[in-house]
Every structure is written in C-alpha cells, then in structure tokens.
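Now for the letters of each chain:
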Amino acid sequence: MLPTSIVAMFCGPHDENGGVSLRRPDAAIAYAQRVGLPLVICGDGNGGKDCTHFRTRALNAGLCDVVDLYGLDANTLSDARSLCTLLARSSEFRDVHTVHLVTDWWHMMRARLFLEHLLRELACARVVSVEPVNVACPDPSQAVLMGELCGVRDFLAGNYGNTRHLVGYGKPCHQPTAT
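Rules behind the numbers
- Residues numbered from 1 in each chain as written.
- Predicted model: local features only at pLDDT ≥ 70, side-chain atom pairs only at ≥ 80, totals over all residues.
- Heavy atoms only, no water.
- Pairing = 2+ DSSP bridges.
- Helix = DSSP H or I, 4+ residues; strand = E, 2+ residues; numbered from the N terminus.
- Axes fitted to C-alpha atoms, helices over the stretch in contact; angles between N-to-C directions.
- Buried < 20%, exposed > 50% of the residue type's maximum accessible area, 1.4 Å probe, protein only.
- Right-handed = clockwise from strand over helix to strand, strands pointing away.
- pLDDT = per-residue confidence, 0-100.
- Contact = heavy atoms within 4.5 Å.
- Patch = residues over 30% accessible without salt bridge, like charges linked within 9 Å, V, L, I, M, F, W, Y side chains within 5 Å.
- Areas by Shrake-Rupley, 256 points an atom, 1.4 Å probe, with all protein chains shown as cover.
- Salt bridge = Lys/Arg side-chain N within 4 Å of Asp/Glu carboxyl O.
- Phe/Tyr/Trp six-rings, centres within 6.5 Å; stacked < 30°, edge-to-face > 60°.
- Expected span 1.5 Å × (residues − 1).

J.: Even after reading the chapter, I still don't get the sheet that holds strand 4 (residues 98–104), so can you show me in this structure?
T.: Strand-to-strand pairing in sheets goes through backbone hydrogen bonds, with the strands running parallel or antiparallel. Ordered in space as 3-2-1-4-5, the five strands form an open sheet in which the pairing is parallel. In the strand order of this sheet, the two ends are held by strand 3 (66–69) and strand 5 (129–135), each with one partner. Adjacent strand axes in the sheet meet at a mean angle of 25° when their direction is disregarded. In the sheet, strand 1 (residues 5–10) pairs with strand 4 via five bridges, with the strands oriented parallel.

J.: Would you mind going over the pairing of strand 1 with me for this structure?
T.: Counting buried positions over the six residues of strand 1 gives six, a clear majority of the element. Bridge count for strand 1 against strand 2 (residues 39–42) is four bridges, and the pairing is parallel. Residue Phe10 lies in a different strand from strand 2, and its bridge partner there is Cys42.

J.: Can you walk me through the pairing of strand 3 in this structure?
T.: Along a regular strand, successive side chains alternate from one face of the sheet to the other. Note: strand 2 against strand 3, four bridges, orientation parallel. Note that in strand 3 the partner of Cys42 across the bridge is Leu69. Read as a crossover between parallel neighbours, the route from strand 2 over helix 2 (residues 49–60) to strand 3 is right-handed.

J.: Quick question: what am I supposed to make of the confidence of the model for the protein chain here?
T.: Within the protein chain, residue pLDDT values average 85, and 88% of them lie at 70 or more. Contacts for the low-pLDDT stretch residues 173–179, under 50 throughout, to residues beyond four places or in other chains number 16 contacts.

J.: What is the right way to read a nonpolar patch on the surface from this model?
T.: A cluster of nonpolar side chains, namely Met109, Met146 and Leu149, defines an oily patch on the protein surface of about 280 Å² accessible area. Here Leu149 is to be found in helix 5 (residues 142–156).

J.: What exactly am I supposed to notice about the environment of Thr85 here?
T.: By secondary structure assignment, the location of Thr85 is in helix 3 (residues 76–89). With 34 residues separating them along the chain, Thr85 and Leu119 place their C-alpha atoms 8.8 Å apart.

J.: What should I look at first to understand the packing of aromatic side chains in this one?
T.: Within a pair of aromatic rings, the relevant descriptors are the distance that separates the centres and the angle that separates the planes. All chains considered together, the criterion is met by three aromatic pairs. Judged by centre distance (4.8 Å) and plane angle (75°), the ring pair of Phe114 and Tyr160 falls under edge-to-face. Highlighted residues: Phe114 in helix 4 (residues 108–122) and Tyr160 in the segment after helix 5, separated in sequence by 46 residues. A single burial state applies to Phe114 and to Tyr160, both of which are buried. Where Phe155 meets Tyr160, the ring centres are 6.4 Å apart and the plane angle is 75°; that geometry is what we call edge-to-face. Both residues of the pair, Phe155 and Tyr160, belong to the buried class. Joined through ring pairs, the aromatic side chains of Phe114, Phe155 and Tyr160 make up one cluster.

J.: Just checking my understanding: could you explain the environment of Leu69 for this structure?
T.: Within the secondary structure, Leu69 sits in strand 3. With 59 residues separating them in the primary sequence, Leu69 and Phe10 have C-alpha atoms 9.7 Å apart. Every residue in contact with Leu69, bar those within four places of it in the chain, is listed here: Val40, Ile41, Cys42, Gly43, Cys51, Ser82, Leu83 and Leu86.

J.: When you look at helix 1 (residues 23–35) in this model, what are you seeing that I'm missing?
T.: For an α-helix, the turn length of 3.6 residues means that residues three or four places apart are oriented alike. Along its 13 residues, helix 1 runs 18 Å from first to last C-alpha, staying within 8% of the 18 Å computed at 1.5 Å per residue. Of all the residues in helix 1, the buried ones are Arg23, Arg24, Pro25, Ala28, Ile29, Tyr31 and Ala32. Here the buried face of helix 1 lies against strand 1, strand 2, helix 2, strand 4 and strand 5. Just downstream of helix 1, Gly36 is the residue with a positive phi angle, here 70°.

The following block contains the structure:
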C-alpha cells in the first residue's frame, strides 16, 4: 500500500559551532518512527554530504523508508521544489495528501509558505496539506528572525532570490544590505 502521508525535513543550518545541527534530523527521525511514516530529507548546504549523513543516521535508527533529495541551489525554496517534484512525479508517492514538515520553529513560517505555494503549482492537481512539526531550539538572533521575515516578504513580492543580502535568508550571520 502506498503512503498517504510522509514526514519531510528541510536540512538545518550549520549553527552548532560551525558544524551541522542534528536537532532537525533527530526530531524528524523520532517523529517518523512514532507515526510510522516514510521520511524525506530535503536540501543540503554542504554539497550533499548532510543528506547522506542524515539518511545513514535515519537508517541506523531503524527507519527503512528514507529518501534524500539534494538540489544544487541548497536553499529553502529548492528544498520545497524538490519535495513537490518528488510528489508530482514519483509513482511511489502519488497518494500522498499530507506532509508533516519538520523544521525549526523560527524557520517554519517561510518553509511552510514555500511548500504550500509549490504544492498548489506542482502536485498534479491533488490537494496536499502541510502539517507543521516544530523543532524546539534556542532562540535565534534578531538577524536570523529578520532574515526569515525578509525571505517571506521577498517571496510574496515575487522577488525571492533577487534582492541583495550578504548571506542567505535566515542564516546566522544574515545582514540585509541597504536597497
């Protein structure tokens, strides 16, 4: 029987002393185990190495249905696009109508907005709902929160990726430049 729901995780920032954070993958693995659903790992700002590491971590934890998706753009929008493309084109996921999205609480608004928008565009005319699964974590800096809001604003204005920023949206050292 094909799954009607999946757990999807957008790979996290490298904000643990410069290393990759395990809070999102560990939360996604635990959630997928608890609800008995396949896990889809999306995105990676580390050339695909994080996806491979997280997939191995999930398999070692006992999950047997794990898919990792790596896009060269390595940003939240490409993470959402790769997941939507999988749902639209893969016969294995053709019956999915619910995505349990796992990400940090402060990243959820932007990640969910992108995913819901692209699901309406790319999910083969079926309705797919997004259920947030917020990961608890320390509060990010004001700059990170402002970066997240800038990303939402730019996306809604149709300018996502077209505005100049020193570092990508929501990144730990994000500082918007004057425009």
